[in-house]
Amino acid sequence: MRHARRTAAACKAGAFLSAVVAGYSATHHPWLIVPGLLAAAVLLVAAAETQRAGARRRARYERTAAAAGADEQLLRPRHVGAGANAEDCPACSASPTPPPYPFICPGQPAATDQTREQ
């Protein structure tokens, strides 16, 4: 259970208990129900606001994760290829494991504008 849901559930439980206590207090005097019901209303408003804040936080996280995934896809390093030295290849130098000796870039060259036009 996430933080916002847990807090909202606790506020709702507190509102329920406050309403029950207000009902019991009303058996002694009818005006004693007012403070308990006001406390229950405040707790229910707090629960609703917490749920809205949690939904906004989840939506912001999903937008940020989607943007990060798109950036990662766009900024992924490309292989130089064509027998180039692996030290000059951005994809090989970013790799956690370097290519084996003779350190030649194993990848295919990235498509350029000239090859796309043909």
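Keep in mind that this is a model prediction, so the values were computed, not measured.

> Just to check I follow, could you spell out the overall build of the protein chain for this structure?
A count of helices and strands for the protein chain gives four helices and zero strands. Shown N-terminal to C-terminal, the secondary structure of the protein chain runs as helices and strands in the order α-α-α-α. Considering only contacts within the protein chain whose residues lie at least 6 apart along the sequence, 44% involve residues at least 24 apart. Within the structure as shown, the protein chain displays about 9200 Å² of accessible surface, and the carbon and sulfur contribution to it stands at 62%.

> Please clarify how the pattern of salt bridges should be interpreted in this entry.
Any two side chains of opposite charge can pair if their charged atoms end up close together. For the structure on display, the rule yields two salt bridges. Among the salt bridges present, the one from Arg56 reaches Glu49, with a minimum N-O distance of 3.4 Å. Accessibility expressed as a relative area gives 35% for Glu49, which makes it partly exposed. Each of Glu49, Arg52 and Arg56 takes part in a single network of salt bridges with overlapping partners.

> Would you mind going over a positive patch on the surface with me for this structure?
On the surface, Arg2, Arg5, Arg57, Arg58, Arg60 and Arg63 cluster together into a patch of positive charge. At four residues, the largest contribution of residues to the positive patch is made by helix α2 (residues 33–74).

> In this structure, what is going on with a nonpolar patch on the surface? I would like to understand it.
Together, Phe16, Leu17 and Val20 give the surface a local cluster of nonpolar side chains, amounting to about 320 Å² of exposed area. Turning to its location among the elements, Leu17 is positioned in helix α1 (residues 3–26). Residue classification places Leu17 among the exposed positions, given a relative accessible area of 53%.

> Mind showing me how you'd approach the layout of surface pockets here?
Which parts of space are left empty comes out when a probe the size of a water molecule is rolled across the atoms. Roughly 170 Å³ of internal volume is contained in the largest pocket. Taken together, Arg2, His3, Ala4, Gly54, Arg57, Arg58, Tyr61 and Glu62 make up the full set of residues lining the largest pocket. Elements with a minimum of two residues in the lining of the largest pocket: α1 and α2. The greatest single-element share of the lining of the largest pocket, amounting to five residues, is contributed by α2. Here the lining of the largest pocket is built from residues that sort into two nonpolar, two polar and four charged.

> When you look at the confidence of the model for the protein chain in this model, what are you seeing that I'm missing?
Atomic detail in the predicted coordinates should be set aside for any region of low pLDDT. Scored by pLDDT, the protein chain has a mean of 79; 65% of the residues are at 70 or more. At the low end of the mean pLDDT range in the protein chain sits helix α4 (residues 113–117), at 46; at the high end sits α1, at 91. Contacts for the low-pLDDT stretch residues 113–118, under 50 throughout, to residues beyond four places or in other chains number one contact.

Reading the values: the criteria
- Residues numbered from 1 in each chain as written.
- Predicted model: local features only at pLDDT ≥ 70, side-chain atom pairs only at ≥ 80, totals over all residues.
- Heavy atoms only, no water.
- Helix = DSSP H or I, 4+ residues; strand = E, 2+ residues; numbered from the N terminus.
- Contact = heavy atoms within 4.5 Å.
- Areas by Shrake-Rupley, 256 points an atom, 1.4 Å probe, with all protein chains shown as cover.
- Salt bridge = Lys/Arg side-chain N within 4 Å of Asp/Glu carboxyl O.
- Buried < 20%, exposed > 50% of the residue type's maximum accessible area, 1.4 Å probe, protein only.
- Patch = residues over 30% accessible without salt bridge, like charges linked within 9 Å, V, L, I, M, F, W, Y side chains within 5 Å.
- Lys, Arg positive; Asp, Glu negative; His and termini not counted.
- Charge placed at Lys NZ, Arg CZ, Asp CG, Glu CD.
- 1 Å grid on protein atoms, 1.4 Å probe; cavity = no way out; pocket = protein on both sides within 12 Å on 5 of 7 lines; lining within 4 Å.
- Points joined across faces, edges and corners; volume = space filled by probe spheres on them.
- Nonpolar A, V, L, I, M, F, W, Y, C, P; charged D, E, K, R; others polar.
- pLDDT = per-residue confidence, 0-100.

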